[in-house]
Each structure stands twice: as structure tokens, then as C-alpha cells.
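# Topology and contacts: notes
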Amino acid sequence: MESGAGIQNMLFVGEKILFLSGGRIYSMTMEGEIEAEINISEDENVTQLLNDSDGNVCCVVSNPEKSYICTVNTENMTLNGDMLVIPDEISGKLLKGNGAYRFFAESKSKFYGITKENTSEVLVDFVKSGLSVVYQGMINVGENFMAVEQGKLLLLTENDSEDNADTVTIKVGCLAQMIELEELAAKFNRSSSKYQIEIDSYGKNLESGNIPDEDFEKLKLDIISGKAPDILICSNAELMQNLASKGAFADLYELMESDTEINTDTLMPNIVESYDMD
């Protein structure tokens, strides 16, 4: 065990304790004596130790290529071969699952269920639910979920599809994951029953200005296939000019002619001119 490394988390297993420290798993007696360490590759680190829905001891192992889940054989302190790869869209910690889900998982804007078949499903979309993206925890309670947000305990229940029949969904696309935008969208969704904002982040978990070519291609493919967002937020002038030249955007001048609040008279002329494109 590394000198000075703290204990990240621990599990009680029969007459011994398993704990995670410095990216490694150790077993310890109830008297505090370290018995064994699980052997893993030098280029890998264990980032979490937890139980799955069946009570098995599992751990999350990360290397430069991927993160995956393994079951821990607590008798001989080895990792079993039933590797479960964590989907790319999940970036937060795993939680013990129940029912159809082996694990629950968090990301910055969604709460997932991971099945035993290594599929993931979005169980709660914070933006659609009107929740702040920066929340303080989520737990499963039967068929519902509870969350702590800004000091308040919230019970989340599934929306009736009939209640949402007249709701208009506005899809906003952005070429990076923008937490500020998601927070604003969540606030708007909580206040509006007629319109709801849905955000599609091309190039998830990336900072604006560092977007791989494949994410641009995905956006272009969505536009060609009729799946384009209603609104696009993008700082790449070349891409925007390219899309505009192909007629991908609506003429805002036509829309502003019938708008009494947002039009050429209420906007600053220099701003309008700087974004004008023929």
C-alpha cells in the first residue's frame, strides 16, 4: 500500500474489509491487518469499489483506452473475467442498481441505468426534468427517483405522455457540452409547460474550440437526414458560413418582421450587421 494514500471507499465482506486506496484494492482483517492486494496491470487504476444489484463485489478499472467493471473474487482476491465496458456517455460514479439495472450511473446532465447486457438507458434527463445540472445526489426509490438540489429534497416521478401531448420541443444543438446552457434550459423547462428545451451536445465533454472532425460530420449528417436541431450554437465561423451557403438556416429577418419584441428596431445595429450573412 502506498505511503500516505488515503482510503477512498470500503466494503465489509464477511469477516474482512475490502478497501480502495491509491488505485488498488486491499483486504484487511477486522483488527486492521492488511492481508492481500489484488494484482492489476501497472497502466490501470481502480477508481471505484461497490456492490451490484445482486450483491456481488465489483470494481471500476480504468486505463488509457477505456473504463470497465469487473467482479471481485473475494476468496482469492482476483478479478473475474466478466468485463462490462462502461459506455462513453457515462462519466460519473456508479451506484448499486436494482430490478432490471445492475448499476445506476451519473453524468453531468443525465442519470442512467446499466443492464447486465451492457446496455445503458437514460432514466432521468436533468434538463428535461427542470433540474439544475449541478445537483447533489440521486437515489432510486422504487419506480421513482429522489434528488437533492440546492438544499431541497425532490421526488421525481415519470411524466404522463398525455400531459405532454401539446408540449412543443425545441431542439438546441451545440458543438460542446455547455453546462451554463444546460442550467438555463433546465430553468426554462421548469417554468414552461408549453415549450421544452432539449439539448444535443455534439462533441460531449469537450471544450468549445477543440471539436474533432467526426463531430462536425455528425452534425452535417443530422442536417442532411432531417434531424437537424432547431437552434445551433457554434463558434466555428467557417462551418456556419458553409451551412448558410447551402441554405441550412432560416432567414431571421423574415421572422423578425412579425415579432414585436425582437426585431431590427430593438437590436443594436452593429450587432445585427456583424452577424449579417448574404
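Placed above this text is the structure.
Residues numbered from 1 in each chain as written. Predicted model: local features only at pLDDT ≥ 70, side-chain atom pairs only at ≥ 80, totals over all residues. Heavy atoms only, no water.

### Remarks on helix 3 (residues 237-245)
Along an α-helix, a turn takes 3.6 residues, which lines up residues three or four apart on a common side. Within the sequence span of helix 3, burial applies to Leu239, Met240 and Leu243. The arc enclosing the buried residues of helix 3, seen along the axis, measures out at 100°, which places them on a common side. Opposite the packed face of helix 3, turned more than 90 degrees from it, sit the exposed residues Glu238 and Ser245. (Buried < 20%, exposed > 50% of the residue type's maximum accessible area, 1.4 Å probe, protein only. Helix = DSSP H or I, 4+ residues; strand = E, 2+ residues; numbered from the N terminus. Arc of directions from axis to C-beta.)

### What to know about a nonpolar patch on the surface
A grouping of Ile7, Met10, Phe12 and Met30 is seen on the molecular surface, where their side chains present a nonpolar patch of about 400 Å² in accessible area. Tracing the chain through its elements places Met10 in strand 1 (residues 7-13). Residue classification places Met10 among the partly exposed residues on the basis of a relative accessible area of 36%. (Patch = residues over 30% accessible without salt bridge, like charges linked within 9 Å, V, L, I, M, F, W, Y side chains within 5 Å. Areas by Shrake-Rupley, 256 points an atom, 1.4 Å probe, with all protein chains shown as cover. Salt bridge = Lys/Arg side-chain N within 4 Å of Asp/Glu carboxyl O.)

### A closer look at the nonpolar core
Leu18, Ile25, Val46, Leu49, Val57, Cys59 and Val72 are the most contacted members of the largest nonpolar core, which totals 16 residues. Contributing elements (two or more residues each) for this core: strand 1, strand 2 (16-21), strand 5 (45-51), strand 6 (57-62) and strand 7 (67-73). Ranked by size, the runner-up nonpolar core spans twelve residues in total, among them Ile69, Leu84, Ala105 and Ile114. (Core = buried A, V, L, I, M, F, W, Y, C linked by side-chain atoms within 4.5 Å.)

### Describing helix 1 (residues 179-191)
The end-to-end C-alpha distance of helix 1, which contains 13 residues, comes to 19 Å, matching closely the 18 Å that a straight helix rising 1.5 Å per residue would cover. The complete set of buried residues in helix 1 reads Leu181, Glu182, Ala185, Ala186 and Asn189. The buried residues of helix 1 occupy one face: seen down the axis, they fall within an arc of 135°. Pointing more than 90 degrees away from the buried face of helix 1 are the exposed residues Glu180, Leu184, Lys187, Arg190 and Ser191. On its buried face, helix 1 is in contact with strand 17 (168-174), strand 18 (195-201) and strand 19 (231-233). (Expected span 1.5 Å × (residues − 1). Contact = heavy atoms within 4.5 Å.)

### Some thoughts on the sheet that holds strand 13 (residues 120-125)
Overall, antiparallel pairing links the four strands, which are arranged 10-11-12-13 in an open sheet. Either end of the sheet is taken by a strand with one partner, and the two such strands are strand 10 (94-96) and strand 13. For this sheet, the mean angle separating the axes of adjacent strands, direction not counted, is 30°. Of the strand pairs in this sheet, strand 12 (residues 110-114) and strand 13 are connected by five bridges, and their pairing is antiparallel. (Pairing = 2+ DSSP bridges. Axes fitted to C-alpha atoms, helices over the stretch in contact; angles between N-to-C directions.)

### Details of the pairing of strand 3 (residues 24-29)
On a regular strand, each side chain points to the face opposite its neighbour's, so the side chains alternate between the two faces of the sheet. Strand 3 sits mainly inside the fold: six of its six residues count as buried. With burial as the criterion, each face of strand 3 is covered, one bearing Arg24, Tyr26 and Met28 and the other bearing Ile25, Ser27 and Thr29. Where strand 2 meets strand 3, six bridges bridge the pair, whose relative direction is antiparallel. The partner of Phe19 across the bridge, within strand 3, is Tyr26. With antiparallel pairing between neighbouring strands as the criterion, strand 2 and strand 3 make up a hairpin whose turn holds two residues, including Gly22 at a positive phi of roughly 60°. Sheet topology places strand 3 next to strand 4 (residues 34-37); three bridges connect them, and they run antiparallel. From the neighbouring strand, Ser27 faces strand 4, where its bridge partner is Ala36.

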